[in-house]
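Descriptive structure summary
Each chain, written out:
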Amino acid sequence: MDRHSKRPRRRGRLLFLAVLVLLAGLYVRWGNTALQTASFSPALRDLPPGFDGCRFVVLGDLHSTFFGEKNEALLEAVRAQEPEYIFLVGDLLDAFREVPENYAEETAAGLAAIAPTYYVTGNHEWALGEVGSLKKALEAQGVTVLSNGFVPLERGGDTAVLAGIDDPNGYADQKPPETLAEEVRAAYGDPFWMLLAHRNNYFPERYSLLGADLVISGHGHGGLVRLPFTDGLVSTDRRLFPSYTAGLYEKNGSTLFVTRGLGNTGATFRLFNRPEVAVVTLRRG
């Protein structure tokens, strides 16, 4: 066979490889922009009867990302779930990319128009700075900012407590979570309480010991790449095979829920790990 007859084969292989690369690129793009709604129903032993069936949406790690113009696709996905509450668990903004003008205000206003919305800071907000101004801007749009504080929630004649802590990247002299837990017990005795805390990786050795019935976190990004039989391939701090990155976990009598989150930061991307609108329905266990 002469060299001229080999050229069509070579061109065919190159074309095939080009098509594969194109399809892979399109798949990765789709996997980083197409929202996925995921439902979870933790069974909680001490859940007050009035909160059985309480439904809320958890959003984390937006990192200044848009889903549709002015996040309309995200807002529509949340609206479709008819949540009673919306919990924003940090990294609304990103420290490694320019924050679009009015991004926080417009996103907050859209969410607060759907349901009562509660927010805690993540590490990226503190890295950006001007956290005080951000909190005021969110509150002006109707979002409740939980800065090492707590509020009562009422449903079906029962009360549950919702607490929230600032990220450890915050002020060095901020109130520690242990003090907040003591204040919750001092105010309400032994209530059913939930804790919004951005960092998933603090749960096993610290947050699980606070006495909260349910801790709600983000930060883990689902382990970035979701592979079978793993809890993600690499953590946000570049450690292999992390845990506590997505879904429900239990330790020390406390339950953790972690959302896979929505956006990316820096050069990271998602694989088999679409942006998540997490819907949590509480059940009595």
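Before reading on, note that the structure itself is shown above.
Every value quoted in this text rests on a predicted model; they were computed, and no experiment measured them.

1. Details of the packing of aromatic side chains
- Overall, the coordinates contain 13 aromatic pairs when judged by the stated rule.
- With a centroid separation of 6.1 Å and an interplanar angle of 50 degrees, the aromatic rings of Tyr27 and Phe272 are classed as tilted. Here Tyr27 is found in helix H1 (residues 3–33), whereas its partner Phe272 is found in the loop between strand S12 (254–258) and strand S13 (276–281), with 245 residues between them in sequence.
- These aromatic residues form a ring-pair network of at least three members: Phe56, Tyr85, Phe87 and Tyr118.

2. Quick look at the layout of surface pockets
- Here the largest pocket defines a volume of roughly 370 Å³.
- Together, 19 residues line the largest pocket, and Arg45, Asp46, Ala212, Asp213 and Gly253 are the ones closest to its centre.
- Counted as a void, the second largest pocket has a volume near 250 Å³.
- Around the second largest pocket sit 14 residues that line it, and Asn201, Ser235, Asp237, Pro242 and Ser243 are the ones nearest its centre.
- Looking at the lining of the second largest pocket, its residues break down into three nonpolar, eight polar and three charged.

3. A look at the pattern of salt bridges
- If you walk through the whole model with that rule in mind, you get 12 salt bridges.
- The partner of Lys175 in a salt bridge is Glu183, with the nearest N and O atoms 2.9 Å apart.
- The exposure class of Lys175 is partly exposed, given its relative accessible area of 29%.
- For Glu183, a relative accessible area of 29% gives the class partly exposed.
- With a shortest N-O distance of 3.0 Å, Glu178 and Arg206 are connected by a salt bridge. Taken together, the residues span a long stretch of sequence, with Glu178 in helix H6 (residues 177–188) and Arg206 in the loop between strand S9 (193–199) and strand S10 (214–218) at a distance of 28 residues.
- According to the relative accessible area criterion, Glu178 is partly exposed, its value standing at 32%.
- In this structure Arg206 comes out as partly exposed when scored by relative accessible area, which is 30%.

4. A word on the sheet that holds strand S3 (residues 55–59)
- Strands sit in the order S1-S13-S3-S4-S5-S6 across an open sheet of six strands; the sheet is mixed. Among the strands making up the open sheet, the edge pair consists of strand S1 (36–40) and strand S6 (144–145).

5. Side note on the sheet that holds strand S8 (residues 158–164)
- The mixed open sheet is built from six strands, whose spatial order is S7-S8-S9-S10-S12-S11. The sheet terminates laterally at strand S7 (149–155) and strand S11 (247–251), the two strands that pair on one side only. This sheet shows a mean twist of 25 degrees between the axes of neighbouring strands, independent of strand direction.
- As paired elements, S11 and S12 share five bridges and run antiparallel to each other. Looking at S12, one finds that Tyr249 is bridged to Leu256.

Conventions and cut-offs
Residues numbered from 1 in each chain as written. Predicted model: local features only at pLDDT ≥ 70, side-chain atom pairs only at ≥ 80, totals over all residues. Heavy atoms only, no water. Phe/Tyr/Trp six-rings, centres within 6.5 Å; stacked < 30°, edge-to-face > 60°. Helix = DSSP H or I, 4+ residues; strand = E, 2+ residues; numbered from the N terminus. 1 Å grid on protein atoms, 1.4 Å probe; cavity = no way out; pocket = protein on both sides within 12 Å on 5 of 7 lines; lining within 4 Å. Points joined across faces, edges and corners; volume = space filled by probe spheres on them. Nonpolar A, V, L, I, M, F, W, Y, C, P; charged D, E, K, R; others polar. Salt bridge = Lys/Arg side-chain N within 4 Å of Asp/Glu carboxyl O. Buried < 20%, exposed > 50% of the residue type's maximum accessible area, 1.4 Å probe, protein only. Pairing = 2+ DSSP bridges. Axes fitted to C-alpha atoms, helices over the stretch in contact; angles between N-to-C directions.

Everything listed is a geometric property; what it means functionally is a separate question.
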